[in-house]
Amino acid sequence: MNYKIATLPGDGIGPEIIEQAKKTLVAVGNKFGHTFNFEGAYVGAIAIDKTGVPYPDKTHELCMNADAVLFGAIGDPKYDNDPKAKVRPEQGLLKMRKELGLYANIRPVTTFPSLLHKSPLRKDIVEGADFVVIRELTGGIYFGDKGRSEDLTSAFDNCVYTTEEIERILKLAYSYAAKRNKRLTVVDKANVLATSRLWREIAQKMDKEYSNIETDYMFVDNAAMQLIQWPKKFDVMVTENMFGDILSDEASVITGSLGLLPSASVGVHTSVFEPIHGSYPQAAGKDIANPIATVLSAAMLLESLNLLEEAKAIRKAVNMSLEANVVTEDISADEKAHKTTEVGDWIASNI
Ligand code: IPM
Ligand code: MG
């Protein structure tokens, strides 16, 4: 089969890690008889530099016409310390999510035995943790009205959710729980927020329809605590946009595998696959960034195209590279750290 893959490397280490994922997909294509046609486009700070806007129409068109999008990372320090910047790379990401209708961000959190010593948690707490965080991605405080009062002494960000938005993300979360261990944790702040009370009301209704799934409810502050105390007790966790932003970052570091974890954003139009880590500007151009999270994002991309054996081949080659310690400096077990490109070549040649 032929597949059109839009590649959006973005900023920082983005271009280097996307290159390794492309190599891997080419190797998969050769082995399984597929052709992946890659076409690249700008997003983020680089897009602002080149075109003046962080998510150009041309990029959007390419994504709309692709079978899947492989995304690197966005963000540049020159914007981070300038709260007054009129255009920001992050706006590109939010626009992309909205325009592609990517209402769900899915982050599987798994442990890798060789990396448990990197976890900030005790090995017995984290070993074997295996859960998925599902974050609502196109609603809530991120997309509500925001602004400043005329005299500039106050500011506001509205948090809005509609019944429809809540139902569709919960439905998706239930479908994940059904495929896994049949437990769903709905995280909210229903003791304080009106939007959370609507979430809980809807979830409690749906809860009855999905009687084969065990649903429980947790306030977000409690969830933040339980995630580090008993990460193993979670199966699927679903929550709104802002809570999900925070909890999914927390979840991603507890296994010690930040550089290894992929994610998918799915919804109405083309799905987007990206590593969970950021643009790591300090490492840009140095050939030291860990490409594995992006390579595993390519595996998730293949799964979304129902190319399951192909995805398995990637996962297997990645596990082999970890076992052989053909890895970058962030996770290397000895002094012999490998370069980004070496790890990419090694994985591709072991497909
Ligand atoms: C993420 C990021 C983004 C977000 C930023 C870069 C806008 O933190 O993908 O989690 O807050 O959604
Ligand atoms: Mg985030």
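Owing to the predicted nature of the structure, the values given are computational and were not obtained by experimental measurement.

Student: Tell me about the overall build of the protein chain, and please be specific about residues and values.
Tutor: Helix and strand counts for the protein chain come out as 13 helices and twelve strands. By its C-alpha atoms, the protein chain is 55 × 50 × 40 Å across when sized along the principal axes. Counting over 351 residues, the protein chain shows a buried share of 53%. A sequence separation of at least 24 residues applies to 75% of the contacts in the protein chain between residues at least 6 apart. Both charge centroids of the protein chain, one from 39 positive and one from 48 negative side chains, sit 2 Å from each other.

Student: Break down the domain arrangement of the protein chain for me, with residues and values.
Tutor: If you check the domain split of the protein chain, you get domain 1 (1-102 + 279-351) and domain 2 (120-255). Relative placement of domain 1 and domain 2: their C-alpha centres are 26 Å apart. With four residues of domain 1 at the interface, the matching set in domain 2 holds five residues. Here domain 1 meets domain 2 over a buried area of about 530 Å², counting both sides, of which 65% is carbon and sulfur. Counting the surface domain 1 buries against domain 2, the share from its top three residues, Leu94, Arg97 and Lys98, is 78%. Across the contact surface, domain 1 and domain 2 share zero salt bridges. Viewed at the interface, domain 2 and domain 1 are joined by one residue pair in polar contact (both at pLDDT 80 or more). For the side of domain 1 that touches domain 2, the class distribution of residues is two nonpolar, no polar and two charged.

Student: Residue-level account of the packing of aromatic side chains, with values.
Tutor: Following the criterion strictly, the structure yields four aromatic pairs and no others. For the ring pair tyrosine 3 and phenylalanine 36, a centre distance of 5.6 Å and an interplane angle of 25 degrees mean the geometry is stacked. Separated by 33 residues along the polypeptide, tyrosine 3 in strand β1 (residues 2-10) and phenylalanine 36 in strand β2 (residues 35-40) bring together distant segments of the chain. Note on accessibility: tyrosine 3 and phenylalanine 36 belong to one class, buried. Residues tyrosine 161 and tryptophan 199 carry aromatic rings whose centres are separated by 5.4 Å and whose planes lie at 90 degrees to one another, so their mutual orientation is edge-to-face. Of this pair, tyrosine 161 sits in the loop between β7 (155-157) and α7 (163-179) while tryptophan 199 is found in helix α8 (residues 194-209), placing the two residues 38 residues apart along the sequence. Note on tyrosine 161: relative accessible area 6%, which makes it buried. By relative accessible area, tryptophan 199 is classed as buried at 2%. Above the ring of tyrosine 142, the side-chain terminus of arginine 135 is found at 5.3 Å from the ring centroid. Looking at lysine 179, its charged tip hangs above the ring of tyrosine 176, at a distance of 4.4 Å from the centre.

Student: Quick one: what's the story with the nonpolar core, residue by residue and with numbers?
Tutor: Counting residues in hydrophobic clusters, the biggest one holds 62 residues, and the most contacted among them are Ile134, Leu170, Leu184, Val238, Leu302 and Ile314. Per-element tally for this core: the top contributor is helix α11 (residues 292-304), with eight residues. Inspection of this core shows a minimum of three residues originating in each of domain 1 (1-102 + 279-351) and domain 2 (120-255).

Conventions used here
- Residues numbered from 1 in each chain as written.
- Chains lettered and ligands numbered in written order.
- Predicted model: local features only at pLDDT ≥ 70, side-chain atom pairs only at ≥ 80, totals over all residues.
- Heavy atoms only, no water.
- Helix = DSSP H or I, 4+ residues; strand = E, 2+ residues; numbered from the N terminus.
- Buried < 20%, exposed > 50% of the residue type's maximum accessible area, 1.4 Å probe, protein only.
- Contact = heavy atoms within 4.5 Å.
- Lys, Arg positive; Asp, Glu negative; His and termini not counted.
- Charge placed at Lys NZ, Arg CZ, Asp CG, Glu CD.
- Domains from an automatic or database assignment.
- Buried area = accessible area lost by both parts, 1.4 Å probe.
- Salt bridge = Lys/Arg side-chain N within 4 Å of Asp/Glu carboxyl O.
- Polar contact = N/O pair within 3.5 Å; in protein donor to acceptor, adjacent residues only side chain to side chain.
- Nonpolar A, V, L, I, M, F, W, Y, C, P; charged D, E, K, R; others polar.
- Phe/Tyr/Trp six-rings, centres within 6.5 Å; stacked < 30°, edge-to-face > 60°.
- Lys NZ or Arg CZ within 6 Å of the ring centre and 35° of its normal.
- Core = buried A, V, L, I, M, F, W, Y, C linked by side-chain atoms within 4.5 Å.

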